[in-house]
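What the coordinates show
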Amino acid sequence: MKNVKDEDVTVFEANKDVYSSSISGIRADGKLFISSEMGGDLDEILLDTDLQKEIVDFYCRVSNTIPETGTQEVNVNMKREFHKYGFKLIESKFYHLGTDKLKVFLKNIYNNSVKIKYIKDGQQYNEKFEKVYIAVGRSGSRLIDTISSKYPELVLQNNTVDLGVRFELPNFVVQELNTMLYEFKVKYQASNGFLVRTFCNNPSGYVVTEKYSNFVTVNGHSFHNKKSSNTNFAILVTHRFTKPFNDPNGYGEYIVKLANILAGGEKVILQTYGDFKKGKRTKKLWNVYPTLDSNEYILGDLNLVLLHKTVKAITEFLDQLENVIPGISNPTHLLYGIEVKFYGKKMDNNLVSNLKFIGDCSGYTRSIVHATAHGILEYLKLKKELN
Ligand SMILES: Cc1cc2nc3c(=O)[nH]c(=O)nc-3n(C[C@H](O)[C@H](O)[C@H](O)COP(=O)(O)OP(=O)(O)OC[C@H]3O[C@@H](n4cnc5c(N)ncnc54)[C@H](O)[C@@H]3O)c2cc1C
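By the naming in an unreviewed UniProt entry, the chain goes by FAD-dependent protein C-terminal domain-containing protein and is assigned to Thermosipho atlanticus DSM 15807.

Structure follows, in structure tokens:
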């Protein structure tokens, strides 16, 4: 293979067509971010904001879209306040394509790309290839598990899971923040060493449950036309383990399942912040109305589920945030549990020269822009190798 031509490349895709593929961020919503602080862990991508911008432009061009919003401006006084109280404010430029425009993107990109072989679960191929690129995203974790249990030396790192709660409060408490920042993202180092961060802020949004095959977690989202009077965001605490323990996702699953067991099955636990701090079961709510359907939660006590260390990190985070956003730690505000973010195993791309892992399944990316950039960088490396 002297040069890479379309006919030299075969793509194997597990879903029946592009529209049923599990590319979640591309199928729904499609927020694209340009940031040197989020989206993945590869410095060559984080530090190359020009490459990130080129990718955003590419998505806009292929989907014939002028993105909904441009940049987010951070008020310098607000920035100073976050800094004063130990919060790191994550800044980024964002571009929102919209679900309808994503369909156009998928159609255009697949009509002009290489041939795809749609494969069925368990189907075997005996073709030989000079190079194999595995880019199965997070939904392909089963394939990554199979490969890594056979070749454990390919796994560089597998030690992290983020656990926490979905926090919900009335819009008016965070109105200023929501107007100023499209996506409110801060990080905070708690006094017990745990890193706490906010994730996925949904002004006028809704809390939802997310059903996996054997457990139920919480999440949040927002609609374009349907608005609630609450804002929700995740408060996540990073749990990092050391060897010999190597199953952080299993640990996360156990915590989530414990919440489900206490909630009586496929439900999550809801508690007010006041009761959460006191370690007391919530028996009734006051003046903040949950946006999650009442069939999907049980009023309970998250202290029976989360570690004391995790609870301490969350309460310290919220109480400190009160200094910057007065009213945020009001005892009537709601906590839903458990929210979890699983990380992919970090795979070694330098061990076997003709086997590479790209995108989210490599453990190094967590966003559309970074996953795309990872593919481009590996392609450029291949081109260099061939010349
Ligand atoms: C609900 C949700 C919303 C999101 N929203 C955003 C957002 O707004 N902005 C953002 O930047 N990111 C978002 N993300 C993250 C984003 O979707 C991913 O980071 C990105 O799609 C990763 O790209 P990828 O190419 O690595 O994997 P994917 O996009 O997941 O693509 C992997 C492909 O491999 C296929 N596949 C899986 N297993 C196999 C197998 N065994 N054999 C063959 N094919 C297989 C899948 O069907 C899929 O087509 C979101 C994620 C979720 C879950």
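What follows picks up the thread again.
Bringing the overall build of the chain into the picture now. Broken down by element type, the chain carries 11 helices and 18 strands. Scaling as 2.2 N^0.38, a compact globule of 387 residues should have a C-alpha radius of gyration of about 21 Å, and the chain matches this with 22 Å. Counting only residues that meet the buried cut, the chain has 45% of its 387 residues in that class. For the chain, the proportion of contacts with a sequence separation of at least 24, taken over those separated by at least 6, is 77%. Only carbon and sulfur atoms are counted for the fraction: they give 52% of the accessible area of the chain, which is about 20,600 Å².

Here we take up the packing of helix α3 (residues 49–62) against helix α11 (residues 368–386). In contact at an axis separation of 10 Å, α3 and α11 are set at 105 degrees when each is read in the N-to-C sense. By the angle between their directions, the pair α3 and α11 is classed as roughly perpendicular. Residue-level contacts link Leu 51, Gln 52, Ile 55, Val 56 and Tyr 59 of α3 to Ile 368, Val 369, His 370, Thr 372, Ala 373, Ile 376 and Leu 377 of α11.

Tracing the backbone shows Lys 131 in the loop between β5 (116–118) and β6 (132–134). A distance of 3.1 Å separates a polar side-chain atom of Lys 131 from the backbone oxygen of Ser 353. Within the local environment of Lys 131, its side chain forms a polar contact with the side chain of Glu 385, the two groups lying 3.0 Å apart. Excluding residues within four positions of it along the chain, Lys 131 makes contact with Ser 353, Asn 354, Leu 382 and Glu 385.

Time to look at the nonpolar core. Counting 47 residues, the largest nonpolar core has Phe 82, Phe 184, Ile 235, Phe 317, Ile 325 and Ile 338 as the members making the most contacts within it. By residue number, the principal contributor to this core is helix α10 (residues 308–321), which donates 6 residues. If we ignore the near neighbours within four places in the chain, the residues touching Phe 317 are Phe 87, Val 186, Tyr 188, Val 196, Thr 198 and Ile 235. Core analysis: the next-biggest nonpolar cluster, separate from the first, contains 19 residues, Cys 60, Leu 102, Phe 105 and Ile 368 among them.

Looking now at the domain arrangement of the chain. Domains assigned within the chain are domain 1 (6–72 + 91–157 + 346–386) and domain 2 (160–342). Averaged C-alpha coordinates put domain 1 and domain 2 at centres separated by 29 Å.

Cut-offs and rules
Residues numbered from 1 in each chain as written. Predicted model: local features only at pLDDT ≥ 70, side-chain atom pairs only at ≥ 80, totals over all residues. Heavy atoms only, no water. Helix = DSSP H or I, 4+ residues; strand = E, 2+ residues; numbered from the N terminus. Rg over C-alpha atoms; globule rule 2.2 N^0.38 Å. Buried < 20%, exposed > 50% of the residue type's maximum accessible area, 1.4 Å probe, protein only. Contact = heavy atoms within 4.5 Å. Areas by Shrake-Rupley, 256 points an atom, 1.4 Å probe, with all protein chains shown as cover. Axes fitted to C-alpha atoms, helices over the stretch in contact; angles between N-to-C directions. Parallel < 35°, antiparallel > 145°, perpendicular 65-115°, else oblique. Polar contact = N/O pair within 3.5 Å; in protein donor to acceptor, adjacent residues only side chain to side chain. Core = buried A, V, L, I, M, F, W, Y, C linked by side-chain atoms within 4.5 Å. Domains from an automatic or database assignment.

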